[in-house]
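# Structural overview for review
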Amino acid sequence: MCSCEEPRWGWGHCAPGPILLLGLLLAAPFGLLGEETRQVTLEVIPDSMGLPQNLLHIRAVGTNSTLHYVWSSLGPPAVLLVATNTPHSDLSVNWSRLLSPEPDGALMVLPKDSIQFSSALVFTRLFEFDSTNTSDVAAEPPGKPYPPYSLAEFSWNNITDSLDPATLSATFRGHPNQDPTRAFANGSLAFRVQAFSRSGRPAQPPRLLHTMDTCQLEVALVGASPRGNRSLFGLELDQLLWGSLPSGFVQWRPVAFSQKQGGRESALPCQASPLHPTLAYPLPQSPIVRAFFGSHNNFCAFNLTFGASTGPGYWDQHYLSWSMLLGVGTPPVDALSPLVLGIMAVALGAPGFMLLAGGLFLLLGPKRK
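Residues numbered from 1 in each chain as written. Predicted model: local features only at pLDDT ≥ 70, side-chain atom pairs only at ≥ 80, totals over all residues. Heavy atoms only, no water.

### A closer look at the overall build of the protein
Secondary structure assignment for the protein yields 3 helices and 23 strands. Taken over 369 residues, the protein has a buried fraction of 56%. Long-range contacts, defined here as pairs at least 24 residues apart, represent 70% of the contacts in the protein between residues at least 6 apart. Accessible surface computed for the protein: about 15,900 Å², of which carbon and sulfur atoms make up 54%. (Helix = DSSP H or I, 4+ residues; strand = E, 2+ residues; numbered from the N terminus. Buried < 20%, exposed > 50% of the residue type's maximum accessible area, 1.4 Å probe, protein only. Contact = heavy atoms within 4.5 Å. Areas by Shrake-Rupley, 256 points an atom, 1.4 Å probe, with all protein chains shown as cover.)

Structure representation (structure tokens):
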């Protein structure tokens, strides 16, 4: 069973400055992570069946280790994180098996005994809520829900067309296969993935601090027609739990934006739900997750909701964007500010919840075996 726990501390009302973190801060084995230099490459893995290219491999090679990020829009958009203790590990893909009803074993990182950590994150549904009669920012749900969009039932572009080796980025852009109301006739949902060859910050907000060990995702909903006058949107993320060290993390600021330039005037609050087991409802299958981990997996899910019934919103320019960092080992640490640095942590291997207040002390909740 999934070993999700209810958090001992809620998310609260976060200002735009704090950073939220999904993952457990655990010591990594010496020499595996935090290397001073890495050779970072980004490639589309071609298939021999003439289908749109939708498997992206980021490989960050250090002196003693390699990090693999495998992104795909086969089924619901998903990413695998794999860390090895050798600079010579490689990704192996059996396309005919991967596209079959039984993809187990179709995707491997070799040699297998070099793998120190592996996990996955799956983006399953796009939510939409009518917030017209909702005044409570923290209401759950934040309004009357419309039927969600299943991201497993989206059509996605050929990512080769958006591959940019100069910026180490590529974009998965999709729309529903069935769109009877033509809500996405002039719109799309985009997942822009970017790796980094050095540490730093993007010029655009939320300006998350990144390193060569991390990968950034920007999710953007652009031009889609909302089903209500004041619609709020959200994402469902399913997190595969896996019991190995070091751990992984997902890090974001609790803010989204209703304009592409991402200024303070377009900032939207980002609310996250507690983790909950997914046993109550069936999950869309991710072929790459099953191909790597097999069919017996433990998942927990959490939801993110963007915006409030008042203030700026998607309705302004039919635009919404949100960014996060994904990584293995210890996450990048921002300089402390007068704002509370809020951290929610859920281990990819042994869930627990932590709150770091002002960066001065750490409270660690109990873990469930």
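Read on for the rest.
### Some words on the side chain of serine 169
Residue placement: serine 169 occurs in strand S12 (residues 169-176). Look at serine 169 and you get buried, because its relative accessible area is 4%. Within the structure, the side chain of serine 169 is placed 3.3 Å from the side chain of arginine 192, a separation counted as a polar contact. Not counting residues within four places of it along the chain, the set of residues in contact with serine 169 comprises Leu42, Ser162, Leu163, Asp164, Arg192, Val193 and Gln194. (Polar contact = N/O pair within 3.5 Å; in protein donor to acceptor, adjacent residues only side chain to side chain.)

### A closer look at the packing of aromatic side chains
Under the counting rule described, the total for this entry stands at 11 aromatic pairs. For the pair phenylalanine 233 and tyrosine 314, a centre-to-centre distance of 4.9 Å together with 65° between the ring planes defines the contact as edge-to-face. Residue phenylalanine 233 is found in strand S15 (residues 231-240), and its partner tyrosine 314 is found in helix H3 (residues 314-317); the two are separated by 81 residues along the sequence. Exposure class is identical for phenylalanine 233 and tyrosine 314. Each is buried. (Phe/Tyr/Trp six-rings, centres within 6.5 Å; stacked < 30°, edge-to-face > 60°.)

### Remarks on the pattern of salt bridges
Scanning the model with the defined rule gives 6 salt bridges in all. For arginine 38, the salt bridge identified is with aspartate 213, shortest N-O distance 2.6 Å. Note that arginine 38 is positioned in the loop between strand S1 (20-23) and strand S2 (39-44) and aspartate 213 in the loop between strand S13 (188-195) and strand S14 (214-222), a separation of 175 residues in sequence. Pair check on accessibility: arginine 38 and aspartate 213 agree, each one buried. With a shortest N-O distance of 2.4 Å, glutamate 102 and arginine 290 are connected by a salt bridge. Here glutamate 102 is found in the loop between helix H1 (95-98) and strand S7 (107-110), whereas its partner arginine 290 is found in helix H2 (residues 287-293), with 188 residues between them in sequence. (Salt bridge = Lys/Arg side-chain N within 4 Å of Asp/Glu carboxyl O.)

### So, the confidence of the model for the protein
For the protein, the mean per-residue pLDDT works out to 79, and 76% of the residues sit at or above 70. Per-element mean pLDDT across the protein ranges from 26 in strand S23 (residues 361-364) up to 98 in S7. For the stretch residues 23-31, pLDDT sits under 50, and the model shows 24 contacts to residues farther than four places along the chain or on other chains. Scored below 50 in pLDDT, residues 336-369 shows 103 contacts in the model against residues more than four places distant or in partner chains. (pLDDT = per-residue confidence, 0-100.)

### What about the environment of threonine 181?
Within the secondary structure, threonine 181 is located in the loop between S12 and S13. Considered as a pair, threonine 181 and serine 225 are 44 residues apart in the sequence and their alpha carbons are 9.1 Å apart.

### Thoughts on unusual backbone geometry
Where the residue is not glycine, phi is negative for most of them; where a peptide bond is considered, it is trans in most cases. For the bond from leucine 110 to proline 111, the omega torsion is -5°, close enough to zero to count as cis. Secondary-structure assignment places proline 111 in the loop between S7 and strand S8 (115-130). Cis geometry is adopted by the peptide bond preceding proline 206, which originates at proline 205 and carries an omega value of 10°. Along the chain, proline 206 falls in the loop between S13 and S14. Positive phi outside glycine occurs at leucine 168, with the angle close to 55°. As for its position among the elements, leucine 168 is in the loop between strand S11 (154-156) and S12. Backbone geometry at histidine 318 places phi at a positive 50°, although glycine is not the residue there. Structurally, histidine 318 is set in the loop between H3 and strand S21 (319-328).

### Overview of the pairing of strand S5 (residues 78-84)
Side-chain direction in a regular strand flips from residue to residue, so the side chains alternate between the two faces of the sheet. With 7 of 7 residues buried, S5 is to be regarded as a mostly interior element. The alternating pattern of S5 places Ala78, Leu80, Val82 and Thr84 on one face and Val79, Leu81 and Ala83 on the opposite face, and all of these are buried. Where strand S4 (residues 66-72) meets S5, 7 bridges bridge the pair, whose relative direction is antiparallel. Looking across to S5, one finds that leucine 67 is bridged to alanine 83. Here S4 folds back onto S5, and the loop between the two strands holds 5 residues, one of which, glycine 75, carries a positive phi near 70°. Pairing of S5 with S8 involves 7 bridges; the strand directions are antiparallel. Opposite threonine 84, over in S8, you have isoleucine 115 as the bridge partner. (Pairing = 2+ DSSP bridges.)

### So, a nonpolar patch on the surface
The grouping of Met49, Leu51 and Leu99 at the surface amounts to a nonpolar patch, some 240 Å² of accessible area in total. Relative to the elements of secondary structure, methionine 49 occurs in the loop between S2 and strand S3 (55-61). With a relative accessible area of 46%, methionine 49 lands in the partly exposed category. (Patch = residues over 30% accessible without salt bridge, like charges linked within 9 Å, V, L, I, M, F, W, Y side chains within 5 Å.)

### A few points about the environment of alanine 60
If you trace the backbone, alanine 60 turns up in strand S3. Residues alanine 60 and arginine 38 lie 22 residues apart in sequence; the distance between their C-alpha atoms is 5.7 Å. Setting aside residues up to four positions removed in sequence, alanine 60 forms contacts with Arg38, Gln39, Val40, Ser65, Thr66, Leu67 and Met212.

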